[in-house]
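# A closer look at the structure
Each chain is listed here by its residues.
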Amino acid sequence: MSQTISHLPLSYRQKITHRLLMMLTQFMPAALVAPDNPVFVLETRRLSDDLALKKAMIRRAFVVLGYGLGIWAILAILMIVIPSNADRIYEFLSRLWMIAIGLSLADKLLLDFVAVGASLTRISDDFKTPQWALYSLSNRSINDYVYAKLATTEIMVWRLMTTVIVFRLLLVLLFPLHFVLLPRIMPTQVLLNTMDTVGIPAFSQTFGSILHFVLFSITMMVVALVYVLEPRWRLRALIALGLNVSARGSDASIALLASLWIIGRVWLAQIVMAITAIALIWFTIWLNALVIVALNSVLMSSVILLIYVLLIASFIRSSYDVISQRVLRRTVKRLLTRAD
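Residues numbered from 1 in each chain as written. Predicted model: local features only at pLDDT ≥ 70, side-chain atom pairs only at ≥ 80, totals over all residues. Heavy atoms only, no water.

### Thoughts on the packing of aromatic side chains
Throughout the structure, instances matching the rule amount to 5 aromatic pairs. Pairing Trp 97 with Phe 175 gives two aromatic rings, centres 5.6 Å apart and planes at 40°, and the pair type is tilted. Of this pair, Trp 97 sits in helix H4 (residues 86-105) while Phe 175 sits in helix H8 (residues 142-185), and the two are 78 residues apart along the sequence. The class of Phe 175 is partly exposed, set by a relative accessible area of 34%. Put simply, the rings of Trp 97, Phe 175 and Phe 179 touch in pairs and so form one group of aromatic residues. (Phe/Tyr/Trp six-rings, centres within 6.5 Å; stacked < 30°, edge-to-face > 60°. Helix = DSSP H or I, 4+ residues; strand = E, 2+ residues; numbered from the N terminus. Buried < 20%, exposed > 50% of the residue type's maximum accessible area, 1.4 Å probe, protein only.)

### Comments concerning the nonpolar core
Among the nonpolar cores identified, the biggest contains 78 residues, and Tyr 145 and Leu 335 are the most heavily contacted of them. Here this core gets 18 residues from one element, more than from any other, and that element is H8. Leaving out residues up to four positions away in the same chain, Leu 335 has contacts with Ile 123, Phe 127, Trp 132, Ile 142, Tyr 145, Val 146 and Ala 247. (Core = buried A, V, L, I, M, F, W, Y, C linked by side-chain atoms within 4.5 Å. Contact = heavy atoms within 4.5 Å.)

### Side note on the pattern of salt bridges
Using the criterion set out here, one finds 11 salt bridges in the structure. The salt bridge partner of Arg 168 is Asp 107, with a shortest N-O separation of 2.7 Å. Pair noted here: Arg 168 is in helix H8 and Asp 107 is in the loop between H4 and helix H5 (108-119), with a separation of 61 residues, a long-range link. According to the relative accessible area criterion, Arg 168 is buried, its value standing at 3%. Between Arg 168 and Glu 230 there is a salt bridge whose closest N-O contact spans 3.4 Å. Separated by 62 residues along the polypeptide, Arg 168 in helix H8 and Glu 230 in helix H11 (residues 210-246) bring together distant segments of the chain. Pair check on accessibility: Arg 168 and Glu 230 agree, each one buried. What you see here is one network of salt bridges that share partners, running through Asp 107, Asp 112, Arg 168, Glu 230 and Arg 234. (Salt bridge = Lys/Arg side-chain N within 4 Å of Asp/Glu carboxyl O.)

### Focus on the confidence of the model for the protein
Detailed reading of the predicted coordinates is not advisable wherever pLDDT is low. Of the residues in the protein, 76% have a pLDDT of 70 or more, and the chain-wide mean is 78. Looking at the elements of the protein, mean pLDDT is at its lowest for helix H10 (residues 200-205), recorded as 45, and at its highest for H8, recorded as 90. In the model, residues 1-8 has pLDDT below 50 throughout and makes 2 contacts with residues more than four positions away in sequence or in other chains. (pLDDT = per-residue confidence, 0-100.)

### Structural notes on the packing of H8 against H11
One can describe the packing of H8 onto H11 by two numbers: an axis separation of 9 Å at closest approach and a directional angle of 155°. Taken together, the axes of H8 and H11 lie roughly antiparallel to each other. Crossing angle aside, the handedness with which H8 passes H11 is right-handed. In terms of residue class, the contact of H8 with H11 is built from 18 nonpolar, 1 polar and 7 charged. (Axes fitted to C-alpha atoms, helices over the stretch in contact; angles between N-to-C directions. Parallel < 35°, antiparallel > 145°, perpendicular 65-115°, else oblique. Left-handed = near helix turned anticlockwise from the far one by under 90°. Nonpolar A, V, L, I, M, F, W, Y, C, P; charged D, E, K, R; others polar.)

### Let's talk about the packing of H5 against H11
Their axes nearest at 8 Å, the elements H5 and H11 cross at an angle of 35°. The hand of the H5/H11 crossing is right-handed. Contact residues: Lys 108, Leu 111, Asp 112, Ala 115, Val 116 and Ser 119 in H5; Pro 231, Arg 234, Leu 235, Leu 238, Ile 239, Gly 242, Leu 243 and Ser 246 in H11. Along the lines of polarity and charge, the residues of the contact of H5 with H11 split into 8 nonpolar, 3 polar and 3 charged.

See the structure below:
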């Protein structure tokens, strides 16, 4: 009867929230620094702490996914209730999904500029105050200082990045619901044409092979994972480049030129990634055709496709990591020279 609040059993929603919080720990900016990092502790007083940031991220995910899936479900129910307008509603939702995919890929026009703008003065502003002089005279590592600036700048842009990621996640969840499940529930002419377009009949014929289904599912999950997490990897690279410019102590008059140079550099890296992906696509198509003709094995073709997707995912992730780590090392060296 006198059971305290701390010992009350958690509700189902609280359990889910707790597990999500644990999973997000390594994903958060605070994972970059030690909890006692003085620069991080000082600057996060004016920002959201790690727990509040996680809760805000989960809350935003629930809201965006809830509204998005709810609206789709309502329109799907209308298709079932009013079958005469099913084709029209389905075409409208399909076009809306395609437009949303385009908008999700154009997020760089907002996220990239905001990230760079937040990072360009993060270090140079400290040069104008006693904070840098005190830190450079202390026995604290310059590396800790740089990573604290990286983490706190990520926190400043975190809510925008969360919105971008959750929006992409919503589109990923809608794809199987709209293009795979709904055509099977409502097999009207337009929906049957959609099934032909996305290759569902050919795919369903291979359902006899459980291994093929597993390989195809893993391949699609890897593609979805890269699509959803790419803004997170890009954000770190952009902020690292912005901090590197800021460490030079440049004034605000060249901030615009510096931001354009940083964004152009990241976009160029993305173009290289895209060209590499396209080249591997053609190689994979050629290899798949060779395998199917030589071995008459659709299963082996699925294995090759999975390997290709894993290579592309690894290449994209490592490209952003290389940019971030290389630029951060240069920033540390530049600050060490300034401290001396």
